[in-house]
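Per-entry structural report
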Amino acid sequence: MALPGGAKALALRAARVIPDPVLKWILPQRLEFVVPPPVSFEDKPVRLFIGPVNFARQGYAWARAAETLPGVDAVAMAYQAGAGYGFDIDQRVPASVYLLSRGWAKKQRAAILSGATHVIIEAGRHIFGDVYGTTVAQEIAQLRRAGIQVALLSHGSDARRPQAHIERVPDSPYADPEWGVAAQLEKESAAHHALIASTGADVFVSTPGMLDDVPTATWLPVVIDVEQWQSSVAPLTDEVPLVVHAPSSPVVKGTRAIEPMLQRLVDEGLIRYERLTGVPAKDVPAFFARADIVLDQFRLGDYGVAACEALASGRLVIGNVTDDNRARVHTLTGIELPIMQATIATLETVLRGVLADRGGAATLASRGPGFVRAVHDGTRSAAALTEFLGIER
């Protein structure tokens, strides 16, 4: 959820002078103004707070990975409007409370400052909720005055530099005039890089491709529950294979660019095709288990949570991952990334090649679960956190 600006921001700032009981009475029920208790921690030597976005359940997953380390308690928080995708989270805060409640913000700030030893701030967003009263840099200063170690974590567009990405990846979504957000994202990215530079905080990134934009960062691999996603059904055994595409953002994934070609293959009777949209997180594993081929993204040159979920399912995953990022994964892990390479322009040729060599494609798909288990089950993520948390490996 992007935070409102302009006149809406002024209205929200004015609304913060209204006491919580009055806000609960006057706000529409759909805004779910239910104030949760402040965060709390177990009495352990290291108490890690991660927030406030939990994109694709990763804040929660990293917290669980951190707790596999000795002496660590971790809590993930996220503000959320509506039900969202139903991702697990330790502390869910309605967006209305996050934006409007002075009472909650005051208690949350006090609980973090008195209880946490380490904080990871996701996507450059406020963790105390006072989004129009303080800056994130001021929050970091407060945390440090309390003796708390602080790191920043980038998920993608918060730190990805659009113009540089266009130069690296020919099909970059930032070059698509129909998207129309490149200028705004360039401004947000510049602000995030300025925050990194001014605070000197440790930085983590969730995907290997983000190291192009933040080369001093540490890769914190996304975490997948391999057992939740595994399937006993072998792919590419049906005469007409099922191709699935689940775009969280069709523009970013290249959906519109590839679907006319996919429809041609459907019309030829070569494939079946389903686009998954609005599916609750708990239901996606069953959808992937039915698929033979999962199409990831074709415009970013990187891979993330969705690709890992499909790999863990043992499906053949096809996407656009640049040579540099494939080499980076191999250098950092010693394992080849088992995503079949294709661009928008080459995807049809690649798919026809898969249909002509199903055995080779199935062999590549069979490497997916092992790759995710080795790189994305949380073990490497925990290891990536040890230096920041001051834990000896």
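Up top is the structure.
Residues numbered from 1 in each chain as written. Predicted model: local features only at pLDDT ≥ 70, side-chain atom pairs only at ≥ 80, totals over all residues. Heavy atoms only, no water.

**Digging into the overall build of the protein**
Put simply, the rule is: Strands are runs of DSSP state E lasting at least 2 residues, helices are runs of H or I lasting at least 4, and numbering of each runs from the N terminus. This radius of gyration counts C-alpha atoms alone. The globule rule is 2.2 Å times how many residues there are, raised to the power 0.38. For every residue, the accessible area obtained with a 1.4 Å probe (protein chains only) is divided by the maximum for its type, and the residue is called buried under 20%, exposed over 50%, and partly exposed between those limits. Throughout, a residue-residue contact means that at least one pair of heavy atoms, one from each residue, lies within 4.5 Å. Method for areas: the Shrake-Rupley scheme with a 1.4 Å probe, in which residue coverage is limited to the protein chains shown.
The helix and strand tally for the protein stands at 18 helices and 12 strands. Here the C-alpha atoms of the protein give a radius of gyration of 22 Å, agreeing with the 21 Å that 2.2 N^0.38 yields for 393 residues. Seen through its C-alpha atoms, the protein measures out along the principal axes to roughly 65 × 50 × 40 Å. Put simply, the protein has 393 residues, and 53% of those count as buried. Sequence separation of 24 or more characterises 71% of the internal contacts of the protein that already satisfy a separation of 6 or more. When the accessible surface of the protein is summed, it comes to about 17100 Å², and 55% of that surface belongs to carbon and sulfur atoms.

**A look at the pattern of salt bridges**
Rules: Any Lys or Arg side-chain nitrogen found within 4 Å of a carboxyl oxygen on Asp or Glu counts as a salt bridge.
Tallying each qualifying case throughout the model produces 18 salt bridges. Between R64 and E67 there is a salt bridge, with its nearest N and O atoms 2.9 Å apart. We classify E67 as partly exposed; its relative accessible area is 30%. Between K253 and D296 there is a salt bridge, with the nearest N and O atoms lying 3.3 Å from each other.

**Examining the sheet that holds strand β2 (residues 72–80)**
We apply this condition: Should DSSP find at least two bridges between two strands, the strands are regarded as paired. Between N-to-C directions, angles span 0 to 180 degrees; the directions come from axes that are lines fitted to C-alpha atoms, helices contributing only their stretch in contact.
As summarised here, the arrangement of the seven strands in space is β3-β2-β1-β4-β5-β6-β7, forming an open sheet in which the pairing is parallel. The open sheet is flanked by β3 (91–94) and β7 (218–219), the only strands paired with a single partner. Two strands pair when backbone bridges link them, and β2 and β3 are joined in this way by four bridges, in the parallel orientation. Residue A78 lies in a different strand from β3, and its bridge partner there is R92. Helix α8 (residues 182–199) contacts β5 (149–154) and β6 (202–205) of the sheet and is inclined by roughly 155 degrees relative to β5.

**Quick word on the nonpolar core**
Convention followed: Residues belong to a common nonpolar core when they are buried Ala, Val, Leu, Ile, Met, Phe, Trp, Tyr or Cys residues joined through side-chain atoms within 4.5 Å.
Within the largest apolar cluster, 98 residues are counted, with the highest numbers of intra-cluster contacts made by I112, V119, I120, I121, L143, Y303 and L389. Counting residues per element, this core draws most heavily on β2, at seven residues. Among residues more than four places away in sequence, those in contact with L389 are V46, L48, L69, V72 and H118. Counting 21 residues, the second-largest nonpolar core is a separate cluster that includes L262, L316, I318 and V350.

**Considering the sheet that holds strand β9 (residues 272–275)**
Read from one edge of the open sheet, five strands run β9-β8-β10-β11-β12, paired in parallel fashion. The sheet is open, and its two edges are formed by β9 and β12 (340–341), each paired on a single side. Here two bridges tie strand β11 (residues 316–319) to β12, and the two strands are oriented parallel to one another. Bridge assignment links I318 to a residue of β12, and that residue is M340. Most of the contacts of helix α11 (residues 255–267) go to β9, to which it runs at about 150 degrees, and overall it touches β8 (242–245), β9 and β10 (293–295).

**A short note on the environment of N54**
Relative to the assigned elements, N54 resides in the loop between β1 (46–51) and α3 (58–66). Residues N54 and A191 lie 137 residues apart in sequence; the distance between their C-alpha atoms is 21 Å. Setting aside anything within four residues of it in sequence, one finds N54 in contact with G59, Y60, A78, F87, D88, I89 and E122.

**Let's talk about α3**
With respect to burial, α3 is a largely interior element, eight of its nine residues being buried. Those residues of α3 not exposed but buried are Q58, G59, Y60, A61, W62, A63, A65 and A66.

**Notes on the side chain of H245**
Here is the rule we go by: Counted as a polar contact is a pair of N or O atoms within 3.5 Å, where, for protein atoms, one must be capable of donating a hydrogen and the other of accepting one, and residues adjacent in sequence contribute only when both atoms are in side chains.
When you line up the elements, H245 lands in strand β8. By relative accessible area, H245 is classed as buried at 0%. Among the polar contacts listed, one links the side chain of H245 to the side chain of T255, at a separation of 2.8 Å. One polar contact links the side chain of H245 to the main-chain carbonyl oxygen of L295, over a distance of 2.9 Å. If we skip the residues at most four places from it in the chain, H245 touches K253, T255, I258, Y273, E274, R275, L276, L295 and D296.

The values are spatial; any link to function lies outside them.
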